[in-house]
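Below are the chains, spelled out letter by letter.
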Amino acid sequence: MIAESNVPLQPYNSFGIVAKAHTLVRVAGEADARAVALDPALSAQPKFVLGGGSNLVLTGDVKPLVLKVEVRGLRLVDESARGWVVEAGAGETWHDVVAWTIANGYPGLENLALIPGTVGGAPVQNIGAYGVELQDRFESLDAVHLDTGECFTLSAAQCAFGYRDSVFKREAVRPGDFGLAGRALITRVRFLLPKPWKAELGYADLERRVLETGITRPTPQQVFDWVCAIRSAKLPDPRVIGNAGSFFKNPTVTPDQCADIIAREPKVVHYPMLDGNIKLAAGWLIDACGWKGKSVGQAGVYEKQALVLVNRGGATGGEVMTLAKAIQTSVYERFGIRLEPEPVVV
Ligand code: EPU
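Presented here is a report on the structure given in the accompanying data block. Predicted model, so just to flag it, every value in this text is computed and none were measured. (Residues numbered from 1 in each chain as written. Predicted model: local features only at pLDDT ≥ 70, side-chain atom pairs only at ≥ 80, totals over all residues. Heavy atoms only, no water.)

**Some words on the site of the ligand**
The immediate surroundings of the ligand are formed by 24 residues, with Y130, Y163, Y203, D287 and A306 found nearest. A distance of 3.1 Å is found between an oxygen atom of the ligand and a side-chain nitrogen or oxygen belonging to K234. A total of 820 Å² of accessible area belongs to the ligand in isolation, and the protein chains cover 82% of it. Put simply, the parts of the chain that give the shell around the ligand at least two residues each are β8 (128-129), α7 (220-234), β13 (242-246) and α9 (282-288). Partitioned by chemical class, the residues of the shell around the ligand number 11 nonpolar, 6 polar and 7 charged. (Near = heavy atom within 4 Å. Polar contact = N/O pair within 3.5 Å; in protein donor to acceptor, adjacent residues only side chain to side chain. Areas by Shrake-Rupley, 256 points an atom, 1.4 Å probe, with all protein chains shown as cover. Helix = DSSP H or I, 4+ residues; strand = E, 2+ residues; numbered from the N terminus. Nonpolar A, V, L, I, M, F, W, Y, C, P; charged D, E, K, R; others polar.)

Here is the structure:
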């Protein structure tokens, strides 16, 4: 285990923001994480676990000890009538894992193709796209407790997944609370890819592909290709234009609140949820406030998807957050809705 000083973080965050880690340790396996937890000098420091940096806004140099997850490995660990279980190291690139499962005949992750980031970040924010969330394909994960150095395994129920949420985002405020924010480092994730495979085509953009192509029974590879095409058409490639995906969560309102908004804004895009509440498309709300293409300094609102903030070249985290706050204010003033940011702000 080597602790490096003053490490540039620009290559490690998809927004491409310039900042440094005061101290950074690369974690290639459980032993490295354990060594940090047991090191007298390092163990006492606050820690920040860095995965793919694809859901992150850096507002300055990072003072907590940065643990950069570089655990590799990808294998089929079980196959039964229930499905395939695939295990991936937390440092593997998410999209490469999806592509590998499809190429090797273990389908089920295709709707989650092209999501930026690494495997370890996927359960933290329960990534989701086109009608599938990570929790729908999750078996278990291994992690190291950063206070004790102990390895542990969590089931889906123990991860307490919610919409872009999990136990890894929650702080343990009171003794007895089960919150692991900043206290655990995920090393490996296992996915359960159920048999028989069934295409998930319920999302409007995928239904449109079925109608356009006349292919009503696509293969996993075809769904994968459709998802890649849909994402590439409306979301910026972080290797070309820095961004952190959707910047805000889609807000939830009660039926009464929704009826009130529809009375004023009949076109508002909304989806009923199983619990009776209604989810609103944050991108539509921001778009309706006229934000597409607007900027604060070098931070801007993407022209093709108002929910995505982009780095037009040299943006600072401060500019991104000033833009985000201005968007929140205008959406609140017009619709009475408070938008909650999705990325972690450090
Ligand atoms: N819309 C607009 N204007 C915009 C953006 C969107 O009118 O500028 C409308 C769209 O026309 C559509 C609706 O809003 O009717 C929803 O837009 P979209 O289908 O692009 O999906 P989203 O709700 O904005 C969510 C996820 C994405 C995920 C897509 C596809 C969140 C916060 N975002 O976006 O996830 O890829 O659905 O499933 O839940 C991410 O989390 O980083 C992310 C990219």
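Back to the write-up after that little detour.
**Points about unusual backbone geometry**
In this chain, K195 is followed by P196 through a cis amide linkage whose omega measures -10°. Tracing the chain through its elements places P196 in the loop between β12 (184-194) and α6 (204-213). Although it is not a glycine, Y130 adopts a positive phi angle of roughly 50°.

**Some remarks on helix α10 (residues 317-335)**
With 19 residues, α10 ought to run about 27 Å at 1.5 Å a step, and its terminal C-alpha atoms sit 27 Å apart, in line with that. Within α10, the full set of buried residues consists of G317, V320, M321, L323, A324, I327, S330, V331 and F335. Once α10 finishes, G336 follows within two positions and takes phi at roughly 70°, a positive value. (Expected span 1.5 Å × (residues − 1). Buried < 20%, exposed > 50% of the residue type's maximum accessible area, 1.4 Å probe, protein only.)

**Topic: a nonpolar patch on the surface**
Side chains of Y203, V269 and Y271 sit close together on the surface and give an oily, nonpolar patch of about 240 Å² of accessible area. By relative accessible area, which is 35% here, Y203 ends up partly exposed. (Patch = residues over 30% accessible without salt bridge, like charges linked within 9 Å, V, L, I, M, F, W, Y side chains within 5 Å. Salt bridge = Lys/Arg side-chain N within 4 Å of Asp/Glu carboxyl O.)

**Structural notes on the sheet that holds strand β15 (residues 270-272)**
Spatial strand order, β14-β16-β15: 3 strands in an open sheet with antiparallel pairing. Edge positions in the sheet fall to β14 (252-253) and β15, since each of these pairs with one other strand and no more. In terms of strand pairing, β15 meets strand β16 (residues 278-280) through 3 bridges, oriented antiparallel. Looking across to β16, one finds that P272 is bridged to I278. Across the sheet, helix α8 (residues 255-264) is in contact with β14, β15 and β16; its angle to β16 comes to roughly 45°. (Pairing = 2+ DSSP bridges. Contact = heavy atoms within 4.5 Å. Axes fitted to C-alpha atoms, helices over the stretch in contact; angles between N-to-C directions.)

**Topic: the side chain of S330**
In this structure, S330 sits in helix α10. Of the polar contacts made by the side chain of S330, one reaches the side chain of W291; its length is 2.7 Å.

**Regarding the packing of aromatic side chains**
Summed over the entire model, instances satisfying the criterion amount to 8 aromatic pairs. Measuring from centroid to centroid gives 5.6 Å for W94 and F191, while their planes differ by 75°, and the two rings are edge-to-face. On the criterion of sequence distance, the pair formed by W94 in helix α3 (residues 94-103) and F191 in strand β12 is long-range, its members being 97 residues apart. Here W94 falls in the buried class, since its relative accessible area comes to 1%. For F191, a relative accessible area of 0% corresponds to the buried category. Ring pairs connect the aromatic residues F15, F247 and F248, which therefore count as one cluster. K68 extends its terminal NZ or CZ atom over the ring of Y12, reaching a point 4.5 Å from the ring centre. Directly above the aromatic system of Y163 lies the positively charged group of K279, at a separation of 3.3 Å from the ring centroid. (Phe/Tyr/Trp six-rings, centres within 6.5 Å; stacked < 30°, edge-to-face > 60°. Lys NZ or Arg CZ within 6 Å of the ring centre and 35° of its normal.)

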